[in-house]
Amino acid sequence: MGKRVVITGLGVCAPNGVGIADFTQALQNGKSGIRFQSKLKDLNFSCQIAGEPLVRDNLVNHYFTPLQLRGLNASGIVFGVLAGTDAWKDAGLSIASKETPDWNAGVIFGTGILGVDKLRESIHQIDEGKVRRLGSTSVLQTMASGISAYLGGILGCGNQVTTNSSACTTGTEGILMAYERISAGKADYILTGSCSDSGPYIWGGFDAMRILPSNYNSNPAEASRPMSATAVGFVPGSGAGAMVLESLESAKRRGATIYAEVLGGAQNSGGQRGEGSMTAPNSEAVQRCIVAAVKNSGVESAAIDTINGHLTATAKDPVEIQNWCEALQRSGHNFPYINSFKGTIGHCLAAAGSIECVGTILQFKENKVFGNVNCNDLHPDIENLVASAKIPHQTLDFQPNITAKASFGFGDVNACVIFGRYKEPE
Amino acid sequence: MTKEERYQKLRAIIQVYLPEDVSVDNITMESHFINELNINSANLVDIVLDVEDAFDIMLENDDMDSMQTVTDALSIIDAKLGNS
């Protein structure tokens, strides 16, 4: 039996709210962060809307030194450092002294591709024969592990500092990696999360695959429709979510605020076999992942009262609901409350899992189930599986006790984590 | 541009690269970038690029290697501008 692991800090940089307070308000009120992007129109994108965090310049100055800001052209690093630093402060952890790192503090912070705007800038310089003009930070801003490197250096972490990458599963996978490391006694606390750059060079490939909605350019807030009969594709997003995972004993020792406990989880892959492919999930793998997560969390399937789905707003949403029903052996009125935050933030790709996990943990703090938007026309296949009352349109007062959160990604990869309310021993 | 103006322009460039515990007042003509001002050696290439942009000159690899102190940098700038 490993150490118990709890969540003691949260940070977020989401399309509908930068910082925990704004993000909480936005989820509670169903405020959309999906906006028209004129640069996508200028570049002839079919889908000209996206979710992008609105980060003010003077806010950035609080997180980066003037030197770090020089030539910084990697939105993922900005989002990740904001969210990561906030989570660290929220946990009440200090920045290591100048001379010695904190050997018990780690960073596991994932991304898909980092610093793509910097990479573009560098490619142009190189192609013009001006490689010497790249400066000293083009490598740091474009290496995938740039985000964990920036955070590890800012905070002074001396334990494992790494970056994981598994497409849209990245953020949820990172939480499980941090959980396993702390549970095994190899670190006291780990900053985990993920970030995803903004912009046409990130979203273009998805537009080319014709899997983004093109009919909502004039009404962006209605474009992302998880679980709706009229869902036609996911809206691309960006941002970062971050949390501090910590051993219960360390949290107790520090007197830290405990938001929730990580009870367990599982990761797997469908191997791109059966109905699984590079871009489509193998349902058997999804179900096995959920079943394994429930089992190794030591909870009964019947005890799960809330689910935050992956639910991207494509025609595949009913398949995901079916998989939850089969894996948990629950349906109709016996199904837990389920929501998807993608209706208001879009699909934040590598950052999706971490931003949505932060939102999920906030439901424990606020005693709410945040409402779903844009699914008044519930997909009939979903309505046949789950009582519509279990898919709230408005935020509900409710005390979640056990929540399941899953993320699925290109490459046929899955991750499911089980969070539990932390109760002080009597 | 006078020598003093060139010096002030260079100081403004260097200032950005100083670590937090080194103040701009520490910069003198004799300051060694790495040993005295504690500038990260990786940032010397950035200082060179900033100097090129600010003075509209181009430095060679040899110039970069010999640019160890503020005085070195000013001499190289002067030479490129044809002032020496």
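- Looking at an unreviewed UniProt entry, one finds chain B named Acyl carrier protein and attributed to Kriegella aquimaris.

- The name an unreviewed UniProt entry assigns to chain A is 3-oxoacyl-[acyl-carrier-protein] synthase 1, from the organism Kriegella aquimaris.
- In its Subcellular location (unreviewed entry) section, the UniProt entry covering chain A states "Cytoplasm".
- Annotation of chain A in UniProt includes, under Sequence similarities (unreviewed entry), the sentence "Belongs to the thiolase-like superfamily. Beta-ketoacyl-ACP synthases family."

## Some points on the overall build of chain B
Right, so step 1: Check the secondary structure of chain B and you find four helices and zero strands.
Right, so step 2: Along chain B, helices (α) and strands (β) appear in the sequence α-α-α-α when read from the amino end.
Right, so step 3: Relative to a compact globule of 84 residues, whose C-alpha radius of gyration would be 12 Å, chain B shows 12 Å and is just as compact.
Right, so step 4: With the C-alpha coordinates aligned to their principal axes, the bounding extent of chain B is approximately 35 × 25 × 20 Å.
Right, so step 5: Among the 84 residues that make up chain B, the fraction classed as buried is 23%.

## Description of the overall build of chain A
Right, so step 1: On a plain count of helices and strands, chain A comes out with 16 helices and 15 strands.
Right, so step 2: In terms of overall dimensions, chain A is globule-like: its C-alpha atoms have a radius of gyration of 20 Å, near the 22 Å expected for 426 residues.
Right, so step 3: Along the longest, intermediate and shortest principal axes, the C-alpha atoms of chain A span 65 × 55 × 40 Å.
Right, so step 4: Per-residue burial for chain A yields a buried fraction of 56% across its 426 residues.
Right, so step 5: Pairs at least 24 apart in sequence give 81% of the contacts found in chain A among residues at least 6 apart.

## Looking at the interface of chain A and chain B
Right, so step 1: With six residues of chain A in contact, the opposing surface of chain B contributes seven residues.
Right, so step 2: Tallied by class, the residues present in the side of chain A that touches chain B amount to two nonpolar, two polar and two charged.

## Re the UniProt feature "domain: Ketosynthase family 3 (KS3)" (unreviewed entry) in chain A
Right, so step 1: When the UniProt feature table is mapped onto this chain numbering, "domain: Ketosynthase family 3 (KS3)" (unreviewed entry) sits at residues 2–421 of chain A.
Right, so step 2: From the first C-alpha to the last, residues 2–421 of chain A spans 18 Å; its make-up is 35% helix and 19% strand.

## Some points on the UniProt feature "domain: Carrier" (unreviewed entry) in chain B
Right, so step 1: Per the UniProt record, the feature "domain: Carrier" (unreviewed entry) sits at residues 1–81 of chain B.
Right, so step 2: The span residues 1–81 of chain B carries 53% helix and 0% strand; its end-to-end C-alpha distance comes to 10 Å.

## Observations regarding the environment of A:L378
Residue and element names in this part refer to chain A.
Right, so step 1: As for its position among the elements, L378 is in the loop between β12 (368–369) and α16 (380–383).
Right, so step 2: Separated by 134 residues in the primary sequence, L378 and V244 place their C-alpha atoms 36 Å from one another.
Right, so step 3: Dropping the residues within four chain positions of it, L378 is found in contact with M227, S228, A229, E383, S388 and I391.

## Overview of unusual backbone geometry
Glycine aside, negative phi is the norm for most residues, and most peptide bonds take the trans geometry.
Residue and element names in this part refer to chain A.
Right, so step 1: Within the chain, N44 stands out as a residue other than glycine whose phi angle is a positive 65°.
Right, so step 2: Considering the arrangement of structural elements, one finds N44 in the loop between α2 (38–42) and β4 (49–51).
Right, so step 3: Residue N44 is classed as exposed on the basis of its 8 C-beta neighbours within 10 Å.
Right, so step 4: We note that A313 has phi near 85°; this positive angle belongs to a residue other than glycine.
Right, so step 5: Structurally, the position occupied by A313 is in the loop between β10 (306–308) and α13 (317–328).

## Looking at the nonpolar core
Residues and elements named next belong to chain A.
Right, so step 1: Formed by 106 residues in total, the largest nonpolar core has its most connected members in L191, M243, V244, L245, I290 and I361.
Right, so step 2: Among the elements that take part in this core, helix α5 (residues 75–90) stands out by supplying eight residues, more than any other.
Right, so step 3: With residues near it in sequence (within four places) discarded, I361 still touches I7, L10, M243, Y259, A260 and F419.

## Considerations on helix α12 (residues 283–297) of chain A
Residues and elements named next belong to chain A.
Right, so step 1: End to end, α12 covers 21 Å across 15 residues, agreeing with the expected 21 Å (1.5 Å per residue, within 8%).
Right, so step 2: If you check which residues of α12 are buried, you get A285, V286, C289, I290, A293, V294 and S297.
Right, so step 3: Of the surrounding secondary structure, the elements contacted by the buried residues of α12 are β9 (260–269), α13, β14 (402–409) and β15 (413–420).

## Let's talk about the packing of α5(A) against helix α8 (residues 146–155) of chain A
Residues and elements named next belong to chain A.
Right, so step 1: Remark: α5 packs on α8, axes separated minimally by 10 Å, with the N-to-C direction vectors making an angle of 40°. Here α5 is positioned oblique relative to α8, judged by the angle of their axes. The handedness of the crossing between α5 and α8 comes out as right-handed. Packed against α5, whose contacting residues are G76, I77, G80, V81, G84, T85 and W88, the element α8 presents G146, I147, Y150, L151, I154 and L155 at the interface.
Right, so step 2: When grouped by side-chain class, the residues that make up the contact of α5 with α8 number eight nonpolar, five polar and no charged.

Rules behind the numbers
- Residues numbered from 1 in each chain as written.
- Chains lettered and ligands numbered in written order.
- Predicted model: local features only at pLDDT ≥ 70, side-chain atom pairs only at ≥ 80, totals over all residues.
- UniProt positions renumbered as here; feature names shortened; annotations may be inferred.
- Helix = DSSP H or I, 4+ residues; strand = E, 2+ residues; numbered from the N terminus.
- Rg over C-alpha atoms; globule rule 2.2 N^0.38 Å.
- Buried ≥ 20, exposed ≤ 12 C-beta atoms within 10 Å, placed from the backbone.
- Contact = placed C-beta atoms within 7 Å.
- Nonpolar A, V, L, I, M, F, W, Y, C, P; charged D, E, K, R; others polar.
- Core = buried A, V, L, I, M, F, W, Y, C linked by C-beta atoms within 7 Å.
- Expected span 1.5 Å × (residues − 1).
- Axes fitted to C-alpha atoms, helices over the stretch in contact; angles between N-to-C directions.
- Parallel < 35°, antiparallel > 145°, perpendicular 65-115°, else oblique.
- Left-handed = near helix turned anticlockwise from the far one by under 90°.

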